[in-house]
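For reference, the chains in residue letters:
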There are 2 protein chains.
Amino acid sequence: MSAPALDALIEALRKLPGVGVKSAQRMAYHMLQHDRQGTVLLARALEEANASVVHCTVCNTFTDQPVCHTCSDPQRDKSRLCVVETPADQAAIERTLSYRGLYYVLMGHISPLDGVGPKALGLERLIARFDDGLVGEVILATNFTAEGEATAHVLAHAARNRGLNATRIARGIPIGSELEYVDLATIAHAMVDRR
Amino acid sequence: MSAPALDALIEALRKLPGVGVKSAQRMAYHMLQHDRQGTVLLARALEEANASVVHCTVCNTFTDQPVCHTCSDPQRDKSRLCVVETPADQAAIERTLSYRGLYYVLMGHISPLDGVGPKALGLERLIARFDDGLVGEVILATNFTAEGEATAHVLAHAARNRGLNATRIARGIPIGSELEYVDLATIAHAMVDRR
């Protein structure tokens, strides 16, 4: 191969999460061989997203406005604040149509092994919002992983210290699942949290 | 999410081979959150590769010249032509330093299920080269998959019809492997092809 531009493309694709050198090669060959139009579209999409996508100054999600669509909606219940890890988690909750409060999107979780503590995650900004006089309940909807649980724990502590009601979304058996195939930790939690 | 540019980026990333909607979301969030510089570099790399990478007019590999580095090397043995499926396969053979002939890069293989026959693969161009008066041996180094074997079969037939010597790279036990862990078809072939 005597095409430095091809080598540079493979190198740049390797920076994508979950893409190693073999996948990057396969992607570059595929795009250049079969999808020249897709190559140009992806280049433009990257530039446009880089130019226009910013964080909402209120809830920290990705948006192209200073304040996102959800935060500027006057119909939203400002007394409830749901904390999630990613915009995808927020979108999943929105699709349920079961929540009309506001959100805060952490864009990550506390992960000491990766050097992400409360400060790197920018938790001060969220905790400052606990004092805005509008929020009454903080709903912790971080993932049920070790990192998500640690993040929820820190935030619950901060919220309760400020006299707010801090709740965690329920752990339990997923709808449609059969008990014998559910992991034991989930069944144990479902038994303890029975109502 | 109220950022059309973000949705467009996720859509464009989904066009990459092996990338579904979840991976595309994860890639977009990661790039915009943690690697803005990588976002710009990838956009530029895509545009530059699209603008400068073409197929070598002689061997069909990716290059930024009309004739690639390997084909224009006067030291190469023009009597040997090694046929491979991808530039990555060519690079693997080059790294062995055991071959000083020329190449032809198919950029794929015959795959009737995907609608890729000898014509779609452009085999006429390769077969025309069999008549150039320089090639004496065609070395078939396509993969040992059903598609690679079919491609090799078609090319061997065409080469022999033109009085050329057509050889297939050897099948057998990989160096460093233990017999009990090698699949039975490989062992059977290694027995038959013993020398």
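Residues numbered from 1 in each chain as written. Chains lettered and ligands numbered in written order. Predicted model: local features only at pLDDT ≥ 70, side-chain atom pairs only at ≥ 80, totals over all residues. Heavy atoms only, no water.

### Some remarks on the overall build of chain A
The test is simple: Every helix listed is a DSSP run of H or I at least four residues long, and every strand listed is a run of E at least two residues long, numbered separately from the N terminus. Every radius of gyration here is taken over C-alpha atoms, with the globule rule written as 2.2 Å times N^0.38, N being the number of residues. Only protein chains enter the calculation, and the probe is 1.4 Å; a residue is then buried if its accessible area is under 20% of its type maximum, exposed if over 50%, and partly exposed in between. Here, two residues are considered to be in contact whenever any of their heavy atoms come within 4.5 Å of each other. Residue exposure ignores everything except the shown protein chains as possible cover, and the areas themselves are Shrake-Rupley values with a 1.4 Å probe. In this count, Lys and Arg are taken as positive residues and Asp and Glu as negative ones, while His and the chain termini are left out. For charged residues, the charge sits on one atom: NZ in Lys, CZ in Arg, CG in Asp, CD in Glu.
Scanning chain A for helices and strands turns up seven helices and six strands. Here the C-alpha radius of gyration of chain A, 21 Å, is well above what a compact globule of 195 residues would show, namely 16 Å. The principal-axis extent of the C-alpha atoms belonging to chain A is close to 65 × 45 × 35 Å. Split into buried and exposed, the 195 residues of chain A put 42% on the buried side. Sequence separation of at least 24 residues holds for 49% of the intrachain contacts in chain A that already meet a minimum separation of 6. Surface accessibility of chain A: about 10600 Å² in total, with carbon and sulfur atoms responsible for 56%. Both charge centroids of chain A, one from 20 positive and one from 22 negative side chains, sit 1 Å from each other.

### So, the relation of the copies chain A and chain B
Quick note on the threshold: Residues reaching a pLDDT of at least 70 in both copies supply the C-alpha atoms on which the copies are superposed by least squares.
For the pair chain A and chain B, the best superposition has an RMSD of 0.1 Å and corresponds to a rotation of 180° with a translation of 0.0 Å parallel to the axis. Such a turn and shift between the copies fits a two-fold axis. It is A:Ala43 whose C-alpha, among those of chain A, lies nearest the rotation axis, at 2.1 Å. By residue overlap, the copies meet face to face through one surface: 96% of the interface positions of chain A are interface positions in chain B.

### Examining the pattern of salt bridges
Let me state the cut-off plainly: By salt bridge we mean one thing: a side-chain nitrogen of Lys or Arg within 4 Å of a carboxyl oxygen of Asp or Glu.
According to the stated counting rule, one finds 16 salt bridges over all chains in the structure shown. Linking B:Arg171 and B:Glu149 is a salt bridge whose minimum nitrogen-to-oxygen distance equals 3.1 Å. Here B:Arg171 is found in the loop between strand 6 (165–168) and helix 7 (184–192), whereas its partner B:Glu149 is found in helix 6 (residues 146–161), with 22 residues between them in sequence. Under the relative-accessibility criterion, B:Arg171 is labelled partly exposed at 33%. A single salt-bridge network, built from bridges that share partners, covers A:Asp77, A:Arg80 and A:Glu137.

### A word on the interface of chain A and chain B
Keep this limit in mind: Throughout, buried area stands for the accessible area (probe radius 1.4 Å) lost by two parts on being put together, summed over both. In the scheme used here, Gly and all other residues not listed as nonpolar or charged are polar, with Ala, Val, Leu, Ile, Met, Phe, Trp, Tyr, Cys and Pro taken as nonpolar and Asp, Glu, Lys and Arg as charged.
Between chain A and chain B, the contact holds 49 residues from the first and 47 residues from the second. For the chain A and chain B pair, buried surface summed over both sides reaches about 4500 Å², with 69% attributable to carbon and sulfur atoms. Applying the counting rule to chain A against chain B returns zero salt bridges. Those elements that place two or more of their residues in the side of chain A that touches chain B are helix 1 (4–13), helix 2 (21–34), helix 3 (36–52), strand 2 (62–63) and helix 4 (87–95) of chain A. Residue composition of the side of chain A that touches chain B, grouped by class: 30 nonpolar, eleven polar and eight charged.

### Observations concerning the confidence of the model for chain A
Using the following cut-off: Every residue gets a pLDDT, meaning the predictor's confidence in that residue, from 0 to 100.
Taken over all residues, the pLDDT of chain A has a mean of 92, while the share at 70 or more is 99%. Overall fold confidence (pTM) sits at 0.81, and the ipTM for the predicted complex is 0.82.

### Quick look at the sheet that holds strand 4 (residues 101–105) of chain A
Residues and elements named next belong to chain A. Selection rule: We call two strands paired when DSSP finds no fewer than two bridges between them. Between N-to-C directions, angles cover 0 to 180 degrees, with each direction set by a line fitted to C-alpha atoms, over the stretch in contact for helices.
Taken in spatial order, the four strands line up as 4-3-5-6 in an open sheet, and their pairing is parallel. A single partner strand is all that each edge strand has here, and the edge strands are strand 4 and strand 6 (165–168). Taking each pair of neighbouring strands and ignoring which way they run, the sheet shows an average axis angle of 25°. Two strands pair when backbone bridges link them, and strand 5 (residues 137–140) and strand 6 are joined in this way by four bridges, in the parallel orientation. What sits directly across from valine 138, in strand 6, is alanine 166. Sheet strands in contact with helix 4 are strand 3 (77–84) and strand 4, and its direction is about 160° off that of strand 4. In the packing of helix 6 (residues 146–161) onto the sheet, the strands contacted are strand 3, strand 5 and strand 6, and the crossing angle to strand 6 comes to about 160°.

### Remarks on the sheet that holds strand 5 (residues 137–140) of chain B
All names here are of chain B. Here we have four strands laid out as an open sheet, ordered 4-3-5-6, and parallel in their pairing. Each edge of the open sheet carries a strand with a single partner, namely strand 4 (101–105) and strand 6. Going from strand to strand, the sheet's axes swing by 25° on average, the running direction of each strand aside. Sheet topology note: the strand 3 (residues 77–84)/strand 5 ladder contains four bridges and is parallel. Residue pairing across strands places arginine 80 opposite glutamate 137, the latter belonging to strand 5.

### A look at the packing of helix 5 (residues 123–130) of chain B against helix 6 of chain B
Geometrically, a packed helix pair is captured by the angle between its two axes and the distance between the axes. Residue and element names in this part refer to chain B. Test applied: Each angle is binned into one of four classes, with values under 35 degrees roughly parallel, values over 145 roughly antiparallel, values of 65 to 115 roughly perpendicular, and all other values oblique. The handedness criterion is simple: a crossing whose near helix is rotated anticlockwise from the far helix by less than a right angle is left-handed, and one whose near helix is rotated clockwise is right-handed.
One can describe the packing of helix 5 onto helix 6 by two numbers: an axis separation of 10 Å at closest approach and a directional angle of 30°. By the criterion of interaxial angle, the relationship of helix 5 to helix 6 is roughly parallel. Judged by the twist between their axes, the crossing of helix 5 over helix 6 is right-handed. Residues Leu123, Leu126, Ile127 and Phe130 of helix 5 lie in contact with helix 6, whose contacting residues are Val154, Leu155, Ala158 and Ala159. When grouped by side-chain class, the residues that make up the contact of helix 5 with helix 6 number eight nonpolar, no polar and no charged.

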